[in-house]
Amino acid sequence: MSDSNKKPGQALDRLFASERETEDFRFDTSVARVFPDMIRRSVPGYTTIIPMIEVITEQYARPGSHCFDLGCSLGASTLAMRHGIGDRDCTLTGVDNSAAMIERCEHYIALDDHPLPVSLRCEDILDTFIDKASVTTLNFTLQFVAPESRGELMKRIADATLPGGVLILSEKIRFESEAEQAIQTQLHHEFKRANGYSDLEISQKRSALEQVLIPETLAEHRQRLTEAGFDRVLVWYQCFNFVSMLAIKSP
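All figures in this text were calculated on a predicted structure; none of them were measured in a lab. (Residues numbered from 1 in each chain as written. Predicted model: local features only at pLDDT ≥ 70, side-chain atom pairs only at ≥ 80, totals over all residues. Heavy atoms only, no water.)

### Description of the state of the cysteines
Line of reasoning, step 1. Scanning the model with the defined rule gives 0 disulfides in all.
Line of reasoning, step 2. With no disulfide of its own, C67 lies 4.7 Å from the sulfur of C90, the closest cysteine sulfur.
Line of reasoning, step 3. For C67, a relative accessible area of 0% translates into the label buried. (Disulfide = S-S within 2.5 Å. Buried < 20%, exposed > 50% of the residue type's maximum accessible area, 1.4 Å probe, protein only.)

Written out as structure tokens, the structure reads:
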């Protein structure tokens, strides 16, 4: 599995291949450069989740509404939403607080031949104004938001979501059972090894993410989303310790 799926011209992720001082993971220029390769080889099911975001958006995007991709990185989920919206009269906004990500995202958006305009904002999603939303996506984004700020963000999204609208929330989760946590973590590491990462790369990246990516249990996510104002929360995808949920506001 190592590099056979790497697209031509795509930079290979070797950021953690050599011994380095431990520092917190940052979405800087070096990460932006290798991000497509990094996330494909690190997140089980990512290449399934992205096209399914298009399918879900096609189902729930409503004319006259707004759609948001919060934490859009290089725009993979933004483009999926764009194609899911089709020719409906919707606006689409991608938001990320990394200038390096937004700069490269602009390039990918420009290469896509879909006519729907995409507005990109370089700002903290905690400051983003959300209104009349039919589809909002946080694709592996909430896990990087400070835990004490997550409830307020979910409440703002739920309040801004139109009846019948949805939130697509993809996250790395942790498990209440220590035994299950150990098994799922080991399987995730084996997935990375199968994709060509060395033990050193796995270890160093884990250390860099330890204080930055704070996972929660599925029960914690469900409770927060329900308390925020969503009426139904379902898991539509799971692979090891990575899940994607659909939070629905009743019509």
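Back to the write-up after that little detour.
### Details of the nonpolar core
Generally speaking, nonpolar side chains in soluble globular proteins are found buried as a group.
Line of reasoning, step 1. Counting residues in hydrophobic clusters, the biggest one holds 44 residues, and the most contacted among them are F25, I53, C67, I85, L92 and V135.
Line of reasoning, step 2. Elements that contribute at least two residues to this core include exactly α1 (29-42), α2 (46-60), α3 (76-85), α4 (99-111), β5 (161-172), α7 (199-209) and β7 (242-248).
Line of reasoning, step 3. No other element matches the 6 residues that α1 contributes to this core.
Line of reasoning, step 4. Apart from residues no more than four positions distant in its own chain, C67 is found in contact with A61, M81, I85, T91, L92, T93, S134 and V135. (Core = buried A, V, L, I, M, F, W, Y, C linked by side-chain atoms within 4.5 Å. Helix = DSSP H or I, 4+ residues; strand = E, 2+ residues; numbered from the N terminus. Contact = heavy atoms within 4.5 Å.)

### So, the UniProt feature "binding site: S-adenosyl-L-methionine" (unreviewed entry) in the protein chain
Line of reasoning, step 1. The positions that UniProt labels "binding site: S-adenosyl-L-methionine" (unreviewed entry) are, in the present scheme, Y46, G71, C72, S73, D96, N97, D124, I125, N139 and R206. Spanning 161 residues, the named residues are also spread out in space, since their farthest C-alpha pair is 24.5 Å apart.
Line of reasoning, step 2. Leaving out residues up to four positions away in the same chain, G71 has contacts with V95, D96, I125 and T141.
Line of reasoning, step 3. Position of N97 among the secondary structure elements: in the loop between β2 (91-96) and α4.
Line of reasoning, step 4. Classification of N97 as exposed rests on a relative accessible area of 56%.
Line of reasoning, step 5. Leave out the neighbours within four places in its chain, and N97 touches C122, E123 and D124. (UniProt positions renumbered as here; feature names shortened; annotations may be inferred.)

### Observations regarding the UniProt feature "domain: Methyltransferase" (unreviewed entry) in the protein chain
Line of reasoning, step 1. Residues given the UniProt feature "domain: Methyltransferase" (unreviewed entry) here are residues 69-165.
Line of reasoning, step 2. Along residues 69-165, the helical share is 38% and the strand share 25%, with 14 Å between the first and last C-alpha atoms.

### Quick look at helix α8 (residues 218-228)
Line of reasoning, step 1. When we look at burial in α8, the residues that qualify are H221, R224, L225 and A228. The buried residues of α8 occupy one face: seen down the axis, they fall within an arc of 95°.
Line of reasoning, step 2. Contact partners of the buried residues in α8: α5 (147-160), β5, β6 (232-239) and β7.
Line of reasoning, step 3. One or two residues past the end of α8 sits G229, with phi positive at roughly 130°. (Arc of directions from axis to C-beta.)

### Re the packing of α2 against α3
Line of reasoning, step 1. Look at α2 against α3: their axes get within 7 Å of each other, and the N-to-C directions meet at 30°. Crossing handedness for the pair α2 and α3: right-handed. Counting all contacts with α2, which are made through Y46, I50, I53, E54, T57 and E58, the residues of α3 involved are A76, S77, A80, M81, H83, G84 and I85.
Line of reasoning, step 2. Partitioned by chemical class, the residues of the contact of α2 with α3 number 7 nonpolar, 4 polar and 2 charged. (Axes fitted to C-alpha atoms, helices over the stretch in contact; angles between N-to-C directions. Left-handed = near helix turned anticlockwise from the far one by under 90°. Nonpolar A, V, L, I, M, F, W, Y, C, P; charged D, E, K, R; others polar.)

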